[in-house]
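Listed below, chain by chain, are the residues.
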Amino acid sequence: GVIRRYAWGSATEIPELLGRVPDGDPWAELWLGANESAPSLIGPHARPLNEEINADQIATLGESVASRFGELPFLLKVLSAAAPLSIQAHPSVAQAEVGFERESAAGIPLNSPRRSFRDRNHKPELICALTTFESLCGFREPRQTVRLLAAISAPCLDPLTTVLSGDETVAIARAVEWIFSIVSSDVEEIVSDVEQACRSAIDDEFVGERQMLLDLAERYPNDVGVILALLLNYVTLLPGEAVFLETGILHSYLKGTGVELMANSDNVLRGGLTSKHVDVPGLLEAVLMAPSHPGIQRVDGHGPATHYHSPVSEFSLTRIKLDGEFELESGPAIVLCTDGGAKIGPHVLGRGSTIWLPESDGRVVVEGQATIFRAGVGEIA
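Residues numbered from 1 in each chain as written. Predicted model: local features only at pLDDT ≥ 70, side-chain atom pairs only at ≥ 80, totals over all residues. Heavy atoms only, no water.

**Student:** So what about the pairing of strand S18 (residues 364-376)? Which residues, and what values?
**Tutor:** In terms of residue burial, S18 counts as a mostly covered element, since 10 of its 13 residues are buried. The pairing of strand S14 (residues 316-328) with S18 spans 13 bridges and is classified as antiparallel. Across the sheet, the residue bridging to leucine 317 is alanine 375, located in S18. Inspection of the sheet shows strand S15 (residues 333-344) paired to S18 by 11 bridges, in the antiparallel sense. Looking across to S18, one finds that alanine 333 is bridged to glycine 376. (Buried < 20%, exposed > 50% of the residue type's maximum accessible area, 1.4 Å probe, protein only. Helix = DSSP H or I, 4+ residues; strand = E, 2+ residues; numbered from the N terminus. Pairing = 2+ DSSP bridges.)

Right under this line is the structure:
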């Protein structure tokens, strides 16, 4: 895999998973896949996985995946956040195609930090917690947010309360519009007022939300993303729990380590909580301005395998609590071991190691005592 070092990453979690010595710098993500910008290396000669696949797509991907996608359609990651990621959303295929062409026509290089669209693909994703994992996922019901605002009781947010108390069909869109219309010179004062109000509040219902806002305000005292976070569901996943995020869902991962699986894309539209490029017009085009309820998926207690629901054809994720033998479905797939040890044929899977399974291998048996994840392709219609 390829290590990605972003400022928000943990300095210890991924090195410990891989059995490597931390170097003091953040290890934010471990990319496992065939994305052209950072392909994994396989075999004794460290061949890039995308080259291995392109040399014989039928053998590696299988005929149906090769004809449908022409590439490995998913990207598997281990993500480890010690600090919040930006508030962001990902585009649909149609939005990605338009955005990619627009930025290319404007002469923005693919590797430019000003680039939001690095490919023409959509990016639904699924995150499964390895540790307690805190996140913001989708817009909360407006009436619930009004209750949160009442509990915080910050007069500077009265206009937001008024908007959210109005017509529910447009309440979220108008609330987002109000937030992004705040004059930049006023943002720091509003964030400070919200921080003080959170410290003074005494309610029990929104303790987690208030602590989350305090943390964000301390890190980003002049960032409008702190105010935007007021509108989002605060979700905590326990190890083994997962949530699927379709395109257009506004979200931010706050803290924790997880296995993340997504369509093979690197398109990100940011709205705040970051020093990186913020693309408000692009974000507003992509975001679904409606409340959503993060459906937390839990470990299936009826057998070793938990199949997480992801209603897309690009990817599927299975967590296997291995104690003996288990037959894995045919690839193309990437198998990641996060705990214990196992074997697939002559290949040993230790903690933090991965194996690439081409379609030509067929079904294989894994044996041992371990927790492993199988990332594969979803159902192709």
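What follows continues from the structure just given.
**Student:** Which residues make up the nonpolar core, and what values go with them?
**Tutor:** Ranked by size, the top nonpolar core spans 51 residues in total, and within it Leu157, Leu160, Ile227, Leu230, Leu231 and Leu250 carry the most contacts. Beyond its immediate stretch of four places on either side in the chain, leucine 230 contacts Arg140, Thr145, Leu148, Leu149, Ile152, Leu157, Leu160 and Leu213. If you look at the next biggest cluster of nonpolar residues, it comprises 33 residues, including Leu17, Ile53, Leu261 and Trp356. (Core = buried A, V, L, I, M, F, W, Y, C linked by side-chain atoms within 4.5 Å. Contact = heavy atoms within 4.5 Å.)

**Student:** Residue-level account of the packing of helix H9 (residues 184-200) against helix H10 (residues 207-219), with values.
**Tutor:** Put simply, H9 and H10 touch, their axes get as near as 9 Å, and they point 140° apart. For the crossing formed where H9 meets H10, the hand is left-handed. Each of Val191, Glu195, Cys198 and Arg199 in H9 lies in contact with H10, whose residues at this interface are Arg210, Leu213, Leu214 and Ala217. (Axes fitted to C-alpha atoms, helices over the stretch in contact; angles between N-to-C directions. Left-handed = near helix turned anticlockwise from the far one by under 90°.)

**Student:** Now, about the packing of aromatic side chains: what can you tell me, with residues and values included?
**Tutor:** If you walk through the whole model with that rule in mind, you get 3 aromatic pairs. Taken together, a centroid distance of 5.3 Å and an interplanar angle of 70° make the contact between phenylalanine 133 and tyrosine 253 edge-to-face. Within this pair, whereas phenylalanine 133 is found in strand S8 (residues 133-139), its partner tyrosine 253 is found in strand S11 (residues 251-263), the two being separated by 120 residues in sequence. Given a relative accessible area of 0%, phenylalanine 133 falls into the buried group. Summarising the aromatic geometry, the rings of phenylalanine 244 and phenylalanine 315 are spaced 6.3 Å apart at their centres and angled 45° between planes, so their arrangement reads as tilted. Here phenylalanine 315 lies in the loop between strand S13 (305-308) and S14 and phenylalanine 244 lies in strand S10 (residues 242-245), a separation of 71 residues in the sequence. Assigned by exposure class, phenylalanine 244 and phenylalanine 315 land together as buried. Over the ring of tryptophan 31 we find arginine 4, and its NZ or CZ is 4.3 Å from the ring centre. Cation over ring: lysine 276 sits above tyrosine 6, and NZ or CZ is 4.2 Å from the ring centre. (Phe/Tyr/Trp six-rings, centres within 6.5 Å; stacked < 30°, edge-to-face > 60°. Lys NZ or Arg CZ within 6 Å of the ring centre and 35° of its normal.)

**Student:** Could you give me a rundown of unusual backbone geometry, with the residues and numbers involved?
**Tutor:** A cis amide bond links glycine 331 with the next residue in sequence, proline 332, at an omega value of 10°. For proline 332, the location among the structural elements is in the loop between S14 and S15. In this structure, serine 153 is a non-glycine residue whose phi angle is positive, near 60°. The topology assignment puts serine 153 in the loop between helix H6 (142-152) and helix H7 (158-164).

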